[in-house]
Amino acid sequence: MEKEQHQFHDLRISAALIIQKRMINKIDISEYVREISTYINEVDNLYIYNMTNQDLSEFYEKLKKYHHVLYAECEDLGEVANYQFIYENLVDEGCDFGVIMQQGYYYEEGAFLALRRYAIENDTSKTAIITPMPLRGCETFTRQEEETRKCMGCNFVGVLMNLKLFKESGGFKLDYYQTTFDYEYCLRQRHLGYSIVLMQNQVLRNSNYKVLEKRWFFIKLQTYDYDLMDLYYQTRNRFYLWDEYKDIDKTYVKLDKKLYRDERHTIKIRDKNYRDKLYMMEEAKYDYLRKKMGKYNNGGEK
């Protein structure tokens, strides 16, 4: 029997970290440095984009032992435009894969190295995205027998983006402004015959969450909090995405509509501030009906 031969590719993989939240104290700085340590040794370069107008000299001082970190101060253009801008810069730098990280995200031990090895040891010419398993910090991880599987879509924090395919596609729909652009991109790439590969046993943790509790008689109900603006953009952009892909990917649209109904029901039952959340969802639907896209401006005309 012939031995399986691994083909190793010389790939350039760089990461970018978006700083959008101000660092209040030394504890914040230490925590963000710890998060960076989960992947910095496995990337060719790390680009840090400071969008806060805060002097981050003390934070940068903590990273001075790494000689492949570059810093830039820039304007926050909105989530979609930020991602488009950063991936385009990574393309210009000659990278094969790019990773965008945000504050509060970190890989479990060995996870990023496993993602990198997968990209190096496998033919990824038809792979648009390699994504880790995303979990909140408190969620339980169960190891899977199958290391990888194809999925319909994913959030883009912490994924390996195939930059050749990104460049060929033209990138994202900037009118989405915030959220959902990543799932639209995944649907578009899958329709072109490319794959979204989920590495099920390589975990990316998110510490940006808040657990809400609500009592109903003697029952304690829990759910995760939704940021009002994220909820607005996610709801509005979902309607546009459903319209565009209702005849192209009926399975995804059907599943996502069910997920939307379940999320709305959970908010109503478990979130004591549900009125504010449902109001934003109705505002999003109203703006969709008026064909509004781009940045939310509180009911005003675009």
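Draft legend 1. Up close: the overall build of the protein chain. Assigned secondary structure in the protein chain consists of nine helices and eleven strands. On the principal axes, the C-alpha backbone points of the protein chain span a range of 60 × 50 × 45 Å. Counting all 302 residues of the protein chain, 49% fall into the buried class. In the protein chain, once contacts between residues fewer than 6 apart in sequence are set aside, the share between residues at least 24 apart is 78%. When the accessible surface of the protein chain is summed, it comes to about 16800 Å², and 49% of that surface belongs to carbon and sulfur atoms.

Draft legend 2. Highlighting the packing of helix α7 (residues 228–245) against helix α9 (residues 274–289). Two numbers describe how α7 lies on α9: the axes approach to 8 Å, and their chain directions differ by 35°. Crossing geometry of α7 relative to α9 is assigned as right-handed. On α9, the residues touching L228, M229, L231, Y232, T235, R236, F239, Y240 and D243 of α7 are D276, K277, M280, M281, E283, A284, K285, D287 and Y288. Of the residues assigned to the contact of α7 with α9, the class counts are ten nonpolar, one polar and seven charged.

Draft legend 3. Fine view of the environment of E61. Tracing the backbone through its elements, the reader meets E61 in helix α2 (residues 57–62). Overall, the relative accessible area of 43% leaves E61 in the partly exposed class. A distance of 2.8 Å separates a polar atom in the side chain of E61 from a polar atom in the side chain of K64.

Draft legend 4. Focus on a nonpolar patch on the surface. A cluster of nonpolar residues, W216, F217, F218 and I219, forms a patch on the protein surface that exposes about 590 Å² of accessible area. The topology assignment puts I219 in strand β11 (residues 219–224).

Draft legend 5. Seen up close, the nonpolar core. Formed by 88 residues in total, the largest nonpolar core has its most connected members in L46, F59, Y87, F156 and F172. The element contributing the most residues to this core is helix α4 (residues 111–121), with seven residues. The contact partners of F59, leaving out residues within four places of it in the chain, are L17, I19, M23, I29, Y32, V33, I36 and I48.

Draft legend 6. Structural context of the packing of aromatic side chains. The final tally for this structure, using the stated rule, is 26 aromatic pairs. Three or more aromatic residues link up through ring pairs in this structure, and these residues are Y83, Y87, F156, F166, F172, F181 and Y185. For the cation-ring pair, R136 lies above Y224, with the distance from its terminal atom to the ring centre recorded as 3.7 Å. Over the face of the ring belonging to Y288 we find K291, whose NZ or CZ atom lies 5.3 Å from the ring centre.

Draft legend 7. Region of the structure containing the pattern of salt bridges. Tallying each qualifying case throughout the model produces 20 salt bridges. A salt bridge links D225 to K277; its shortest N-O distance comes to 2.8 Å. Within this pair, whereas D225 is found in the loop between β11 and α7, its partner K277 is found in helix α9, the two being separated by 52 residues in sequence. The partly exposed category is assigned to D225, whose relative accessible area is 33%. One network of salt bridges, in which partners are shared, links K173, E184, R188 and E244.

Draft legend 8. Structural context of the side chain of Q103. Along the chain, the position of Q103 falls in the loop between β4 (97–102) and β5 (105–107). Within the structure, the side chain of Q103 is placed 2.8 Å from the backbone nitrogen of Q20, a separation counted as a polar contact. Polar side-chain contacts of Q103 include one of 2.9 Å to the backbone nitrogen of K21.

Draft legend 9. The arrangement of the packing of α7 against helix α8 (residues 250–270) in detail. Following both chains from N to C, one finds α7 and α8 inclined at 155°, their axes separated by 10 Å at the closest point. By the angle class used here, α7 and α8 are roughly antiparallel. In terms of crossing hand, the pair formed by α7 and α8 is left-handed. In this structure, α7 uses L231, Q234, T235, R238, F239, L241, W242 and Y245 to contact α8, whose residues at the interface are K250, Y252, V253, D256, K257, L259, Y260, E263 and I267. In terms of residue class, the contact of α7 with α8 is built from ten nonpolar, two polar and five charged.

Rules of the game
- All residue numbers refer to positions counted from 1 along the written sequence of the respective chain.
- Only residues with pLDDT of at least 70 are given local features in this predicted model, and only at 80 or more are side-chain atom pairs given and counted; all residues enter the totals for whole chains, interfaces and linings.
- Excluded from the side-chain calculation are hydrogens and water; included are all heavy atoms of the structure.
- Each helix is a run of H or I in the DSSP string that is no shorter than four residues. Each strand is a run of E no shorter than two, and both are numbered from the N terminus.
- Think of it in three bands: residues with accessible area under 20% of the maximum for their type are buried, residues over 50% are exposed, and the middle band is partly exposed, with areas taken using a 1.4 Å probe on protein chains only.
- Note on definitions: a residue-residue contact is assigned when non-hydrogen atoms from the two residues lie within 4.5 Å.
- Only the protein chains shown count as cover for residues, and all accessible areas are computed by the Shrake-Rupley method using a 1.4 Å probe.
- Note on definitions: angles span 0 to 180 degrees between N-to-C directions of axes, and those axes are lines fitted to C-alpha atoms, for helices only across the stretch in contact.
- Left-handed is the label given to a crossing in which the near helix is rotated counterclockwise from the far helix by less than a right angle, and right-handed is the label when the rotation is clockwise.
- Ten residue types, Ala, Val, Leu, Ile, Met, Phe, Trp, Tyr, Cys and Pro, are classed as nonpolar, four, Asp, Glu, Lys and Arg, as charged, and the remainder, Gly among them, as polar.
- Polar contact is the term for a pair of N or O atoms within 3.5 Å; when the atoms are in protein, one must be able to donate a hydrogen and the other to accept it, and sequence-neighboring residues count only if both atoms are side-chain atoms.
- Distance thresholds for patches are 9 Å for like charges and 5 Å for nonpolar side chains (Val, Leu, Ile, Met, Phe, Trp, Tyr), applied to residues having over 30% relative accessible area and no salt bridge.
- Put simply, a salt bridge is a Lys or Arg side-chain nitrogen that is within 4 Å of an Asp or Glu carboxyl oxygen.
- By nonpolar core is meant a set of buried Ala, Val, Leu, Ile, Met, Phe, Trp, Tyr and Cys residues that side-chain atoms within 4.5 Å join together.
- Whether two aromatic rings pair depends on their centres lying within 6.5 Å, for rings of Phe, Tyr and Trp, where Trp uses its six-membered ring; planes under 30 degrees apart make the pair stacked, over 60 edge-to-face, and the rest tilted.
- In this scheme, the term charge over a ring applies when either NZ of a lysine or CZ of an arginine sits within 6 Å of the ring centre and within 35 degrees of the ring normal.
- Oblique is the label for every angle not falling under 35 degrees (roughly parallel), over 145 degrees (roughly antiparallel), or within 65 to 115 degrees (roughly perpendicular).

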